Each structure stands twice: as structure tokens, then as C-alpha cells.
Amino acid sequence: MDDVRWKIILASNSPRRKELLAGLDLQFEVRVLQDIDESYPHDLPTLKIAEFISKKKADAYVETMADDELVITADTVVILGDEVMGKPHDEADAKRMLGELSGRTHQVATGVTLSTKERQMSFSVVTDVTFKQLSADEIDYYVRTYHPMDKAGAYGIQEWIGYIGVTALKGSYFNVMGLPVQRIYEALKTFSDSKSECGVAIF
């Protein structure tokens with residue numbers, strides 16, 4: 001991608017999100033603010049939660065944002081029925097989550113917000129993921145070996161558990177990893193007003 005007029009900021013410490021955004025051949029830097037409130041209304045539809053949190057994260061960056069910067073914030077949640085699975089509290093919680101996901105189909109929703117001083121765009125992408133029936137030994141091995149405490153739903157699809165456990169996927173694989181890069185690419189292409197001289201120009 002050439003001629004990007006914004007200075008792009010990825011507001012995430014996630015190594016997976018860094019890797020995925022770099023895959024778009026973009027130059028960007030990482031900037032992370034601490035202690036951002038990630039609460040959400042309890043009556044919010046589950047598929048809107050990730051997008052809502054991504055907006056809250058974006059709003060926290062407004063005062064620190066330079067005029068030429070575009071900040072990308074994101075949040076990912078795993079949804080099983082009516083339960084929203086965030087990051088597990090400990091190994092026991094991780095095993096509980098994986099036990100509930102075992103043999104069932106769940107949704108992974110990633111909300112993304114692109115922000116500049118003058119404009120904000122938000123969207124969410126949802127992927128359906130189906131796991132085989134996982135054995136207790138498989139769950140124990142994965143949690144003990146990979147320590148998925150930093151992952152929503154207590155798993156990373158790009159890790160061992162994804163290799164042996166995922167039987168079907170409908171939607172974006174990269175979204176399950178934590179960043180729907182195809183949608184971000186399209187959003188960057190259309191982010192600026194066609195009548196404006198400043199924005200994101202690709203190719």
C-alpha cells in the first residue's frame with residue numbers, strides 16, 4: 001500500500017493484531033493507553049458489544065491524537081448462546097470456557113473503530129466457529145501448554161487447539177485471530193471523503 005497520508009496508530013499490544021495489520025503492508029506504530037473502561041450496558045445486543053467497546057477505546061485517544069493521525073482500535077469477544085466470553089480469569093476458567101465451546105458452534109465478533117480528529121468509522125465482523133467434541137485431556141494439554149489467558153474464549157485459532165479442534169468456520173479466519181483485516185483494508189480505502197485532499201489513498 002502506497003501513498004498513505006495518515007500516520008496510522010494501532011491501539012493494541014496484541015502480537016496477533018500487530019502481525020495481521022502488518023500483513024496489509026502498512027507502516028504503523030503501536031500506542032497503548034492504560035486503564036481504559038471497557039464496560040458496556042447489560043442490555044446491549046451481544047453482537048454489538050465488541051463494536052461498542054472499540055468505540056470507547058477510540059474515544060480515549062481523541063485528546064492525544066495529532067491532526068495527521070488515524071487510530072485503529074479493536075475488541076474481540078466470543079459469544080456462545082447468550083454468554084459473552086472474554087479473557088479467562090485463570091486456568092480453571094479457561095478450561096470451563098473450552099468445555100462449553102466443545103462440540104458446539106459459537107460466534108467471534110470483532111469490533112473496529114477508525115478515528116481521526118474529524119471523523120470516526122465503526123463496524124463489526126462476525127465469524128461462526130465450530131469445535132469438535134474436545135476431550136478433557138485435550139483441554140488440559142492446551143491450557144497447560146499455551147496459557148490462553150490473554151485470549152477471548154480461552155483459545156487462539158492459530159494455535160494447537162485450532163489445528164485439532166476446529167471442524168468448521170464460516171466467515172473471516174483473521175477475524176477470529178483478532179482483526180478483520182480485509183474489512184479494515186476496504187475501510188481505509190473509503191475512509192476519506194472523495195472530495196477531500198486528505199485521507200487514505202491506496203495504490
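This write-up is about the structure you can find in this document. (Residues numbered from 1 in each chain as written. Predicted model: local features only at pLDDT ≥ 70, side-chain atom pairs only at ≥ 80, totals over all residues. Heavy atoms only, no water.)

### A few points about the pattern of salt bridges
Put simply, the rule reads: One side-chain nitrogen of Lys or Arg within 4 Å of one carboxyl oxygen of Asp or Glu is enough to make a salt bridge. Under the DSSP-based scheme used, a helix requires at least four consecutive residues in state H or I and a strand at least two consecutive residues in state E, with every element numbered from the N terminus. Burial classification: accessible surface area is computed with a 1.4 Å probe over protein chains only, and a residue below 20% of its type maximum counts as buried, one above 50% as exposed, and the rest as partly exposed.
Counting across every chain of the model gives 15 salt bridges. The partner of Glu51 in a salt bridge is Lys55, with the nearest N and O atoms 3.9 Å apart. Of the two residues, Glu51 and Lys55 are both situated in helix 2 (residues 49–61); the distance of four residues between them amounts to about one turn of the helix. Using a relative accessible area of 11% as the deciding quantity, one classes Glu51 as buried. Overall, the relative accessible area of 33% leaves Lys55 in the partly exposed class. Ionic pairing is found between Lys57 and Asp75, a salt bridge with its closest N-O pair at 3.3 Å.

### Digging into the layout of surface pockets
Picture a little ball the size of a water molecule; that probe, rolled over the atoms, points out where space is still empty. As a reminder, the rule being used: Only protein atoms enter the 1 Å grid used here, on which a cavity is any set of points holding a 1.4 Å probe that cannot leave and a pocket is any open set flanked by protein within 12 Å on both sides along at least five of seven lines; residues with an atom within 4 Å of a point are listed as lining. Grid points are joined across faces, edges and corners, and a volume is the space filled by probe spheres set on the points.
Here the largest pocket defines a volume of roughly 840 Å³. Looking at the largest pocket, it is lined by 37 residues, and the ones nearest its centre are Arg17, Glu38, Lys57, Asp75 and Lys87. Broken down by secondary-structure element, the contributors of at least two residues to the lining of the largest pocket are helix 1 (15–22), helix 2, strand 3 (69–80), strand 4 (83–85) and helix 6 (173–177). Here the lining of the largest pocket gets five residues from one element, more than from any other, and that element is strand 3.

### Here's the deal with unusual backbone geometry
Positioned with a positive phi, Asp25 is a non-glycine residue whose angle comes to about 60°. Residue position: Asp25 is located in the loop between helix 1 and strand 2 (28–30). On the basis of relative accessible area, Asp25 is assigned to the exposed category, the value being 56%. The phi dihedral of Asp35 is positive, around 60°, even though this residue is not glycine. The topology assignment puts Asp35 in the loop between strand 2 and helix 2.

### A look at the nonpolar core
Definition in use: By nonpolar core we mean a set of buried residues, namely Ala, Val, Leu, Ile, Met, Phe, Trp, Tyr and Cys, connected to one another through side-chain atoms within 4.5 Å. The criterion used for residue contact is that any of the two residues' heavy atoms lie within 4.5 Å.
Core analysis: the largest hydrophobic core is formed by 43 residues, its most contacted members being Leu21, Ile72, Leu98, Leu101, Leu114, Tyr155 and Ile184. Dropping the residues within four chain positions of it, Ile72 is found in contact with Ile8, Ile9, Leu10, Ala11, Leu21, Val112, Thr113, Leu114 and Ile184.

These figures capture arrangement, not role.
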